[in-house]
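One letter stands for each residue in the lines below.
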Amino acid sequence: MKYWIAIIVALLFGGVVQAETAEEKGLRIAQEADAYDKGFGDFTADMTMTLRNRKGQESVRHIRIRTLEVDGDGDKSMSIFDEPADVKGTAMLTFSHGLKPDDQWLYLPALKRVKRISSRNKSGPFMGSEFAFEDLGSQEVEKYAYRFLREEPCGQWQCHVIERRPQYKYSGYTRQVVWLDKDKYRIVKVEYYDRKNKPLKTLTMSDYKEYLGHYWRPSKMEMKNLQNGKSTVLEWKNYKFRTGLRAKDFNKNKLKNLH
Amino acid sequence: MKGKILSAALLLFSLASQAEWRGNVTAEARYFWNDALYTEQEDIYPSLSAEVEYYHAFDGTDYSLTITPFYRHDGVDEERTHADLREARLHFARGDWEWDAGLIKVFWGVTESRHLVDIINQTDLVENIDGEDKLGQPALHGLWYRDWGTVELFVLPGFRERTFPGVDGRLRGPLPIDTDHAQYESDREDRHVDYALRLAGTVHDDWDLGLSFFSGTSRDPQLRLVTAGGQPRLIPYYPQIDQIGLDLQATLENWLWKLEAIHREFSDDRFDAMVGGFEYTFYGIAESDADLGVLMEYHRDSRGKDAPTPFQNDLFLGARWALNDAQSTELLAGGLFDLELGSRGYRVEFNRRIGQNWKITAEAQLFGHIDPKDPQYPLRSDDFIQLELARFF
């Protein structure tokens, strides 16, 4: 009898822990991080994007973001452009999905035209910045294959270091290395490797703030391009959660009357 | 008209503290390098324009107000000096419904080289021959959200006449167009109430479909020769029409497949027209951030050579080059090739942001070979380049 109990205990615990590969552990952490962030409902926030070229010249964009969490699919989000002045009133609506291509619409206020656009351009720059569309999109678990690398201190926190390889089509990366803290799954740093597996960009996320007593969001994200010397800083302000946004508010026809 | 716009603008300025503004002031110069066909015409046309959008949301209600005055002063062509309210509408949204009342601007369609199904607004033709500038349309507009898409209803009380270049302007025919004496099939003339209905939805995620119906005064006038009273001139005649329109776009990764088609019935005539084709985009060309889109659209009109448009049996080939840089530099180039008459016309557009608030746009229109039977034949000497410098706020 004791012999059987020992076998069952070994199978249940020892077996699971010992048999977990680096891939399984990486996936498990990604799933835990995803589960941790579930239930935020919706949020709105203001984003200031500062583009800096190699000579240090800056150009600034102001964008307002509205995001709705969708159960069992990627988020729905709206980006409303306030600056530069020539794109004021322009807005973009995205229904993100896991491995399936996202649905995307662009509103051009001069013509009052809502244009369905292709989301194929994952690796293209967002508004001329060092952020690609895929860097700013909804991060669903199934978008990557994971591998746990190691555990190490990252500033004041202890971090998991995980490698993830995009599984969706048309990514500009072979892989990314992600540092996220063990406690609240806050991403501290991401290293991006280009299609030839050369280091391309580094993203650092800082000044995390807690919302609704649970959800952590960075106030600052800095993307440095290691190959062209340019950088882009995103500063987030006025985060508001559970504002009452509904799926109806994310209809392409709503793009015409956004303010 | 000008006095009313000014007093409305002053009233709005007094409310500015609770409002949102955006707009631009633009300096423009057009240079026509070929000799003019008609003596009154010039080679250089400088002009200045301004468009301002004022938006006000009424706190604690579902109502908002949008007013968008536009004004252009042209240094040569009196007809191109004009003012318009592009929009002046009260908007209301609640539940599954949205309503607009006032002057509205609406766009329907998917294709790039011609906007065939787009019919609610009249074309402000003196602005640009590409037909993308529109006059504000008096309307009551309801939009109803359904699970499968949207239903839109338009009641359009009041008609806007198309604008045409004056005798001093280029891009016109040999005879002046007398816009002060337009004629209508309807006894109610420009007070005829038009109706429109549009159904739009998405099928299988990637197929966007629109079906529209219009009944009322045609936005496209027939130009009738009048010789009475000495000077021969052309008078716009606006017939009554019923029109069904279809627009379809399939968004399939690099491919955008597009189709627009109309069937239009007059009291004694009818015709069909279509435009269809694709845009294929090469993303990140030559390992850069730039995208290159190639476009092909085929035009057909059942009236053949009698069609009053240059699109009776034509092929449009174009390219869109977007640098995706911090200045949003973009270049568009296209050619329209008449497969029957052999006419050719080309258009190039370039634009780039300067600093944070300025934008420069250059546009060139070349009428290559134009067959004498082509409706564009009177424009054969009107190749031009246009430079625009705009300050946005």
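Scroll up for the structure.
Because the structure is predicted, anything quoted here is derived from the model rather than measured. (Residues numbered from 1 in each chain as written. Chains lettered and ligands numbered in written order. Predicted model: local features only at pLDDT ≥ 70, side-chain atom pairs only at ≥ 80, totals over all residues. Heavy atoms only, no water.)

**Overview of the overall build of chain B**
Point 1. Of regular secondary structure, chain B possesses 1 helix and 21 strands.
Point 2. Expected size for 393 residues packed as a compact globule is a radius of gyration near 21 Å; at 22 Å, chain B falls within 12% of this value.
Point 3. The buried share of chain B, taken over its 393 residues, is 49%.
Point 4. Across chain B, every contact between residues at least 6 apart in sequence was considered, and the portion connecting residues at least 24 apart equals 55%.
Point 5. For chain B, the computed accessible surface area is about 18,300 Å², with 58% contributed by carbon and sulfur atoms.
Point 6. In chain B, 38 side chains carry a positive charge and 68 a negative one; their mean positions are 3 Å apart. (Helix = DSSP H or I, 4+ residues; strand = E, 2+ residues; numbered from the N terminus. Rg over C-alpha atoms; globule rule 2.2 N^0.38 Å. Buried < 20%, exposed > 50% of the residue type's maximum accessible area, 1.4 Å probe, protein only. Contact = heavy atoms within 4.5 Å. Areas by Shrake-Rupley, 256 points an atom, 1.4 Å probe, with all protein chains shown as cover. Lys, Arg positive; Asp, Glu negative; His and termini not counted. Charge placed at Lys NZ, Arg CZ, Asp CG, Glu CD.)

**Looking at empty space enclosed by the protein**
Point 1. Applying the stated criterion to the full structure yields 4 cavities of 30 Å³ or more.
Point 2. Its boundaries defined by the atoms lining it, the largest cavity holds a volume of some 550 Å³.
Point 3. Around the largest cavity sit 33 residues that line it, and Val114, Asn253 and Lys256 of chain A together with Phe107 and Arg198 of chain B are the ones nearest its centre.
Point 4. The element contributing the most residues to the lining of the largest cavity is strand 6 (residues 113-117) of chain A, with 4 residues.
Point 5. For the lining of the largest cavity, the per-class residue count stands at 11 nonpolar, 7 polar and 15 charged.
Point 6. Of the pockets and cavities examined, the second largest cavity occupies roughly 190 Å³.
Point 7. For the second largest cavity, the lining is made up of 22 residues, of which Gly89, Leu258 and His259 of chain A together with Arg22 and Glu53 of chain B are closest to its centre. (1 Å grid on protein atoms, 1.4 Å probe; cavity = no way out; pocket = protein on both sides within 12 Å on 5 of 7 lines; lining within 4 Å. Points joined across faces, edges and corners; volume = space filled by probe spheres on them. Nonpolar A, V, L, I, M, F, W, Y, C, P; charged D, E, K, R; others polar.)

**Points about the nonpolar core**
The tendency in soluble globular proteins is for nonpolar side chains to be buried side by side.
Point 1. The biggest cluster of nonpolar side chains holds 45 residues, and the ones touching the most others in it are Met47, Met49, Phe126, Leu203 and Trp236 of chain A.
Point 2. With sequence-adjacent residues up to four places away left out, methionine 47 of chain A is seen in contact with Arg61, His62, Ile63, Ile65, Phe126, Leu234, Glu235 and Trp236 of chain A.
Point 3. Counting 18 residues, the second-largest nonpolar core is a separate cluster that includes Leu116, Ile120, Leu156 and Phe214 of chain B. (Core = buried A, V, L, I, M, F, W, Y, C linked by side-chain atoms within 4.5 Å.)

**Structural notes on the sheet that holds strand 8 (residues 183-184) of chain B**
Strand pairing within a sheet occurs via backbone hydrogen bonds; the two strands may be parallel or antiparallel.
Residues and elements named next belong to chain B.
Point 1. Here we have 3 strands laid out as an open sheet, ordered 8-12-11, and mixed in their pairing. Both edges of this open sheet fall to strand 8 and strand 11 (222-226), since each of them pairs with a single strand only.
Point 2. Judged from the 2 bridges that link them, strand 8 and strand 12 (residues 233-238) form a sheet pairing that is parallel. Note that in strand 12 the partner of tyrosine 184 across the bridge is tyrosine 238. (Pairing = 2+ DSSP bridges.)

**Notes on the layout of surface pockets**
Point 1. Its boundaries defined by the atoms lining it, the second largest pocket holds a volume of some 1,200 Å³.
Point 2. As for the second largest pocket, its lining consists of 48 residues, of which Pro125, Asn225 and Asn228 of chain A together with Ser288 and Asp289 of chain B are closest to the centre.
Point 3. Listed by contribution, the elements that provide at least two residues to the lining of the second largest pocket are strand 1 (42-52), strand 2 (58-68), strand 11 (199-211) and strand 13 (231-241) of chain A together with strand 19 (344-354) of chain B.
Point 4. When residues in the lining of the second largest pocket are grouped by element, the largest group, 3 residues, is from strand 2 of chain A.

**Digging into a nonpolar patch on the surface**
Residues and elements named next belong to chain B.
Point 1. A contiguous nonpolar patch, built from Val203, Trp207, Leu209, Leu252, Trp255 and Trp257 and spanning about 530 Å² of accessible area, is present on the exposed surface.
Point 2. Those elements that provide at least two residues to the nonpolar patch are strand 10 (207-217) and strand 14 (255-265).
Point 3. Relative to the assigned elements, tryptophan 257 resides in strand 14.
Point 4. On the accessibility criterion, tryptophan 257 (39% relative accessible area) is partly exposed. (Patch = residues over 30% accessible without salt bridge, like charges linked within 9 Å, V, L, I, M, F, W, Y side chains within 5 Å. Salt bridge = Lys/Arg side-chain N within 4 Å of Asp/Glu carboxyl O.)

**Considering the packing of aromatic side chains**
All names here are of chain A.
Point 1. According to the stated counting rule, one finds 35 aromatic pairs over all chains in the structure shown.
Point 2. Judged by centre distance (5.8 Å) and plane angle (20°), the rings of tyrosine 239 and phenylalanine 241 are stacked.
Point 3. For tyrosine 239, a relative accessible area of 13% translates into the label buried.
Point 4. Aromatic rings pair up to connect Phe40, Phe43, Tyr211, Tyr215, Trp236, Tyr239 and Phe241 into one cluster.
Point 5. Over the ring of tyrosine 193 we find arginine 175; its NZ or CZ atom is 3.9 Å from the centre of that ring.
Point 6. Taking NZ or CZ as reference, arginine 217 lies 5.4 Å from the ring centre of phenylalanine 40, over its face. (Phe/Tyr/Trp six-rings, centres within 6.5 Å; stacked < 30°, edge-to-face > 60°. Lys NZ or Arg CZ within 6 Å of the ring centre and 35° of its normal.)

**Quick look at the interface of chain A and chain B**
Point 1. Tallying the contact residues gives 38 residues for chain A and 46 residues for chain B.
Point 2. In this structure, the connection of chain A to chain B is made through 14 salt bridges.
Point 3. Lysine 248 of chain A serves as the salt-bridge partner of aspartate 96 of chain B, at 3.1 Å between the closest nitrogen and oxygen.
Point 4. Counting only elements with at least two residues in the side of chain A that touches chain B, the list comes to strand 2 and strand 6 of chain A.
Point 5. The element contributing the most residues to the side of chain A that touches chain B is strand 6 of chain A, with 4 residues.

**Quick word on the pairing of strand 18 (residues 330-338) of chain B**
Residue and element names in this part refer to chain B.
Point 1. Examined bridge by bridge, strand 17 (residues 313-322) and strand 18 share 9 bridges and lie antiparallel to one another. Each bridged residue has a counterpart across the sheet, and for aspartate 314 the counterpart in strand 18 is aspartate 338.
Point 2. Sheet analysis places strand 18 next to strand 19, joined by 8 bridges and oriented antiparallel. Directly across from glycine 334, in strand 19, lies its bridge partner arginine 347.
Point 3. Where strand 18 folds back on strand 19, the antiparallel hairpin that results is connected by 5 residues, among which glycine 342 adopts a positive phi of roughly 80°.

**With respect to the pairing of strand 3 (residues 63-74) of chain B**
Residue and element names in this part refer to chain B.
Point 1. As paired elements, strand 2 (residues 44-57) and strand 3 share 9 bridges and run antiparallel to each other. Of the residues in strand 3, the one forming a bridge with serine 49 is arginine 72.
Point 2. The hairpin turn running from strand 2 into strand 3, its antiparallel successor, is 5 residues long, and glycine 60 in that turn takes a positive phi close to 75°.
Point 3. Relative to strand 4 (residues 82-94), strand 3 runs antiparallel, the two being bridged by 10 bridges. Directly across from phenylalanine 70, in strand 4, lies its bridge partner aspartate 84.

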